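# Structure assessment
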Amino acid sequence: GAVVSQHPSWVICKSGTSVKIECRSLDFQATTMFWYRQFPKQSLMLMATSNEGSKATYEQGVEKDKFLINHASLTLSTLTVTSAHPEDSSFYICSARDSTWEQYFGPGTRLTVT
Amino acid sequence: GNSVTQMEGPVTLSEEAFLTINCTYTATGYPSLFWYVQYPGEGLQLLLKATKADDKGSNKGFEATYRKETTSFHLEKGSVQVSDSAVYFCALNGNTNAGKSTFGDGTTLTVKP
């Protein structure tokens, strides 16, 4: 089946620094990718929809200047958490949608901001 | 808007017990329905899906039937194993609205030997 990877799988950074998370579709092209955030023991919260070659669409309440999304190719989307703070610590999950509209999820990235 | 309501957990069962996790939804049109499983520290894996009314999705002994009349998609397994311990998410995709998925809150299943 289709595979989506994320890198890094976990990252620890200091408050005030920026962190970039990559999401790749390994064996299919994805014009659309989604970024989710998951807090412990909670469901996934959709942050934004990333479309190749155009600006991301952010969900209400998500700061677009803080969570920068770039979908530069059909197999790669990146999420950059800028000026990270401890409250940004979370599990970030991406998914990629194939031509049949089926979504495949990445393994997630654990971000800890100290 | 679309919404998914899942049976609250956590659910604790003994090995070989019968499992049911209830899921109901609210949506316009004809959504596709999914069950995902998340093991500790990992992302989501698609467990099964159904794309139209009366379809039954099945995988690894799990089953769910798309019931439009009751707007439900309950997950069942006849005999659970310890390795089934995970968090299970019911989700729908309205096939519109840019293909966004709506997730339930998740149900944590623990199976004891």
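Provided above is the structure to which this section pertains.
Residues numbered from 1 in each chain as written. Chains lettered and ligands numbered in written order. Predicted model: local features only at pLDDT ≥ 70, side-chain atom pairs only at ≥ 80, totals over all residues. Heavy atoms only, no water.

Enumeration over the complete set of coordinates arrives at two disulfides over all chains. Sulfur-sulfur distance for the disulfide between A:Cys23 and A:Cys94 comes to 2.0 Å. Because the sign of the S-S torsion sets the handedness, a value of about 80° for the bond joining A:Cys23 and A:Cys94 places this disulfide among the right-handed ones. You can see A:Cys23 sitting in strand S3 (residues 19-25) and its partner A:Cys94 sitting in strand S9 (residues 90-97), a full 71 residues away along the chain. Note on accessibility: A:Cys23 and A:Cys94 belong to one class, buried. Across a sulfur-sulfur distance of 1.9 Å, B:Cys23 and B:Cys90 are joined as a disulfide pair. (Disulfide = S-S within 2.5 Å. Helix = DSSP H or I, 4+ residues; strand = E, 2+ residues; numbered from the N terminus. Buried < 20%, exposed > 50% of the residue type's maximum accessible area, 1.4 Å probe, protein only.)

If you add up the space inside the largest pocket, you get close to 470 Å³. What lines the largest pocket is a set of 22 residues, and nearest its centre among them are A:Pro40, A:Lys41, A:Gln42, B:Gln38 and B:Val87. If you tally residues by element for the lining of the largest pocket, the top one is strand S10 (residues 86-93) of chain B, at three residues. A breakdown of the residues in the lining of the largest pocket according to their chemical character gives nine nonpolar, nine polar and four charged. (1 Å grid on protein atoms, 1.4 Å probe; cavity = no way out; pocket = protein on both sides within 12 Å on 5 of 7 lines; lining within 4 Å. Points joined across faces, edges and corners; volume = space filled by probe spheres on them. Nonpolar A, V, L, I, M, F, W, Y, C, P; charged D, E, K, R; others polar.)

To continue, consider the pattern of salt bridges. Summed over all chains, the structure comprises seven salt bridges over all chains. In this structure, B:Lys49 and A:Glu102 form a salt bridge, with 2.3 Å as the shortest nitrogen-oxygen distance. Placement of B:Lys49 in strand S6 (residues 44-50) and of A:Glu102 in the loop between S9 and strand S10 (103-105) is noted, with the two residues assigned to different chains. Accessibility expressed as a relative area gives 12% for A:Glu102, which makes it buried. For B:Lys52, the salt bridge goes to B:Asp55, with nearest N and O atoms at 3.3 Å. Judged by relative accessible area, which is 21%, B:Asp55 ranks as partly exposed. (Salt bridge = Lys/Arg side-chain N within 4 Å of Asp/Glu carboxyl O.)

Residues and elements named next belong to chain B. Across the sheet, which stays open at both edges, the four strands sit in the order S3-S9-S8-S7 with antiparallel pairing between neighbours. A single partner strand is all that each edge strand has here, and the edge strands are strand S3 (19-21) and strand S7 (56-59). Adjacent strand axes in the sheet meet at a mean angle of 15° when their direction is disregarded. Bridge count for S3 against strand S9 (residues 75-77) is three bridges, and the pairing is antiparallel. (Pairing = 2+ DSSP bridges. Axes fitted to C-alpha atoms, helices over the stretch in contact; angles between N-to-C directions.)

Time to look at the interface of chain A and chain B. Many authors give the size of an interface as the accessible area that is lost as the parts come together. Counting from both sides, the interface comprises 18 residues of chain A and, opposite them, 19 residues of chain B. Taking both partners together, chain A and chain B bury about 1400 Å²; carbon and sulfur atoms supply 52% of that area. Of the charged contacts, one joins B:Lys100 and A:Glu59 as a salt bridge, the two residues approaching to 2.7 Å between their closest N and O atoms. Taken together, the connections running from chain A to chain B amount to six residue pairs in polar contact (both at pLDDT 80 or more). Classifying every residue of the side of chain A that touches chain B gives nine nonpolar, six polar and three charged. (Contact = heavy atoms within 4.5 Å. Buried area = accessible area lost by both parts, 1.4 Å probe. Polar contact = N/O pair within 3.5 Å; in protein donor to acceptor, adjacent residues only side chain to side chain.)

Below, the discussion takes up unusual backbone geometry. Between A:His7 and A:Pro8 the backbone carries a cis peptide bond, its omega angle lying at 0°. Among the secondary structure elements, A:Pro8 is positioned in the loop between strand S1 (4-7) and strand S2 (10-13). B:Gly9 connects to B:Pro10 through a cis peptide bond whose omega is -5°. Mapping B:Pro10 onto the fold places it in the loop between strand S1 (3-6) and strand S2 (11-14). Even without glycine at this site, A:Ser83 takes up a positive phi of about 45°. Mapped onto the elements of the fold, A:Ser83 is located in the loop between strand S8 (76-81) and S9.

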